[in-house]
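As a plain string of letters, each chain reads:
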Amino acid sequence: MTSGVLAATAAVVLGCMASFAGAQSVSNSDAGYRLFDRHKDALLSALEDPAAYKSLIETLPAKVPEVVAAWWLTAEVENGGFDQYFFKSDGAMIHEAIAGLDLTGQTRFAAAARLAKAEFSNNVPFDRARRIQLLTEICERSDECFKPAEELYNSTSGQEWADYRRSADESAEQLLR
């Protein structure tokens, strides 16, 4: 992908990002962040190659890819929405992220991620260039791309949000041991 095409694609994606006035921010739970930080470099490197990714996922301890992917998804969505999440390399981890959200009891976030995934006809490409191409098409069709998913994500009550953070942090803490 040429830098001109990438810049144009980024402009389209950034142009359709939703506002997150309702987001309650920070998914930087201490244990969640430490687990993410422990594995992010290996994951980022492996996300460039499906075979390397599959091999890495098979070598990580059980539940680590899912919990890390869930943490990563919430950080991206809280920072810039589902379009930002899918634009970045970690958007390839949507399946693991949904499994991790379910695993850690973050049911509303998992439902929102499923809605966002449905924008891709439930077939989110692993290949980032292809995913960005489809993302651009999705956002060009509507000024409010991913709006239903983001509204569901942001409809989380303060107590529910706190419960999700606590559950995710407890899961990460167990995996750090």
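That block above? That's the structure.
Cut-off values and rules
- Residues numbered from 1 in each chain as written.
- Predicted model: local features only at pLDDT ≥ 70, side-chain atom pairs only at ≥ 80, totals over all residues.
- Heavy atoms only, no water.
- Helix = DSSP H or I, 4+ residues; strand = E, 2+ residues; numbered from the N terminus.
- Buried < 20%, exposed > 50% of the residue type's maximum accessible area, 1.4 Å probe, protein only.
- Contact = heavy atoms within 4.5 Å.
- Areas by Shrake-Rupley, 256 points an atom, 1.4 Å probe, with all protein chains shown as cover.
- Disulfide = S-S within 2.5 Å.
- 1 Å grid on protein atoms, 1.4 Å probe; cavity = no way out; pocket = protein on both sides within 12 Å on 5 of 7 lines; lining within 4 Å.
- Points joined across faces, edges and corners; volume = space filled by probe spheres on them.
- Nonpolar A, V, L, I, M, F, W, Y, C, P; charged D, E, K, R; others polar.
- Core = buried A, V, L, I, M, F, W, Y, C linked by side-chain atoms within 4.5 Å.
- Expected span 1.5 Å × (residues − 1).
- Bend = angle between axes of the 7 residues up to and from the residue.
- Phe/Tyr/Trp six-rings, centres within 6.5 Å; stacked < 30°, edge-to-face > 60°.
- Lys NZ or Arg CZ within 6 Å of the ring centre and 35° of its normal.
- Salt bridge = Lys/Arg side-chain N within 4 Å of Asp/Glu carboxyl O.

Engineer: Got a minute to help me understand the overall build of the protein in this structure?
Structural biologist: Secondary structure assignment for the protein yields 10 helices and zero strands. Listing every helix and strand of the protein by position from the N terminus yields α-α-α-α-α-α-α-α-α-α. Going through the 177 residues of the protein one by one, you find that 47% of them count as buried. By sequence separation, contacts in the protein at least 24 residues apart represent 76% of the contacts at least 6 residues apart. Accessible surface computed for the protein: about 8,400 Å², of which carbon and sulfur atoms make up 51%.

Engineer: For this particular structure, what's the right way to read the state of the cysteines?
Structural biologist: As used here, a disulfide is simply a covalent bond connecting the sulfur atoms of two cysteines. Going through the model one piece at a time under the given rule, you end up with one disulfide. Covalent S-S linkage joins Cys139 and Cys145, the inter-sulfur distance amounting to 2.4 Å. Classification of the bridge connecting Cys139 and Cys145 rests on its S-S torsion, roughly 80°, and on that basis the disulfide is right-handed. Of the two residues, Cys139 and Cys145, neither departs from the other in class, the shared state being buried.

Engineer: For this particular structure, what's the right way to read empty space enclosed by the protein?
Structural biologist: If a probe the size of a water molecule is rolled over the atoms, the empty space left behind becomes visible. As enumerated under the stated definition, the model contains one cavity of 30 Å³ or more in all. Each pocket or cavity is described by its volume, and for the largest cavity that value is around 60 Å³. Taken together, 10 residues form the lining of the largest cavity, with Val67, Ala70, Trp71, Gln106 and Ala168 sitting closest to its centre. Considering only residue class, the lining of the largest cavity consists of five nonpolar, four polar and one charged.

Engineer: Is there a simple way to explain the nonpolar core in this structure?
Structural biologist: In a soluble, globular protein the nonpolar side chains are often hidden away together inside. Grouped together as the largest cluster of nonpolar side chains are 49 residues, with contacts concentrated most on Leu73, Phe82, Phe86 and Phe146. It is helix H4 (residues 64-80) that contributes the most residues to this core, nine residues altogether. With near-sequence residues (within four places) excluded, Phe82 lies in contact with Leu73, Val77, Ala112, Ala113, Ala116, Phe146, Ala149, Glu150 and Tyr153.

Engineer: Quick question: what am I supposed to make of helix H2 (residues 30-46) here?
Structural biologist: Structural remark: α-helix, 3.6 residues per turn; residues separated by three or four positions point the same way. Relative to the 24 Å expected for 17 residues at 1.5 Å per residue, H2 spans 24 Å between its end C-alpha atoms, a close match to the ideal helical length. The sharpest bend along H2 reaches about 50° and sits at Lys40. When we look at burial in H2, the residues that qualify are Ala31, Gly32, Leu35, Phe36, His39, Leu43 and Ala46. At its buried positions, H2 is contacted by helix H3 (50-59), H4 and helix H10 (158-176).

Engineer: Looking at this structure, I do not really get the packing of aromatic side chains. What am I missing?
Structural biologist: Aromatic ring pairs: the centre-centre distance and the angle between the two ring planes describe each pair. Using the criterion set out here, one finds 16 aromatic pairs in the structure. With a centroid separation of 5.1 Å and 75° between ring planes, the pair formed by Phe109 and Trp161 is classed as edge-to-face. Pair noted here: Phe109 is in helix H7 (residues 107-118) and Trp161 is in helix H10, with a separation of 52 residues, a long-range link. Of the two residues, Phe109 and Trp161, neither departs from the other in class, the shared state being buried. Put simply, the rings of Phe82, Tyr85, Phe86, Phe109, Phe120, Phe146, Tyr153, Trp161 and Tyr164 touch in pairs and so form one group of aromatic residues. In this arrangement the basic side chain of Arg128 is found over the ring face of Phe87, its NZ or CZ atom lying 5.0 Å from the centre.

Engineer: Can you walk me through the environment of Ile132 in this structure?
Structural biologist: Among the secondary structure elements, Ile132 is positioned in helix H8 (residues 128-141). Distance in space between the C-alpha atoms of Ile132 and Phe86 is 7.4 Å, their sequence separation being 46 residues.

Engineer: Can you walk me through the pattern of salt bridges in this structure?
Structural biologist: Opposite charge on two side chains permits pairing when their charged atoms draw close. For the coordinates displayed, the defined rule picks out 11 salt bridges. The salt bridge involving Asp30 is made with Arg34; its shortest N-O contact spans 3.2 Å. Pair noted here: Asp30 and Arg34 are both in helix H2, with a separation of four residues, about one helical turn. A relative accessible area of 52% means that Asp30 is categorised as exposed. Looking at Arg34, the relative accessible area reads 35%, which means it is partly exposed. Linked by salt bridges that have partners in common, Asp30, Arg34 and Glu173 make up one network.

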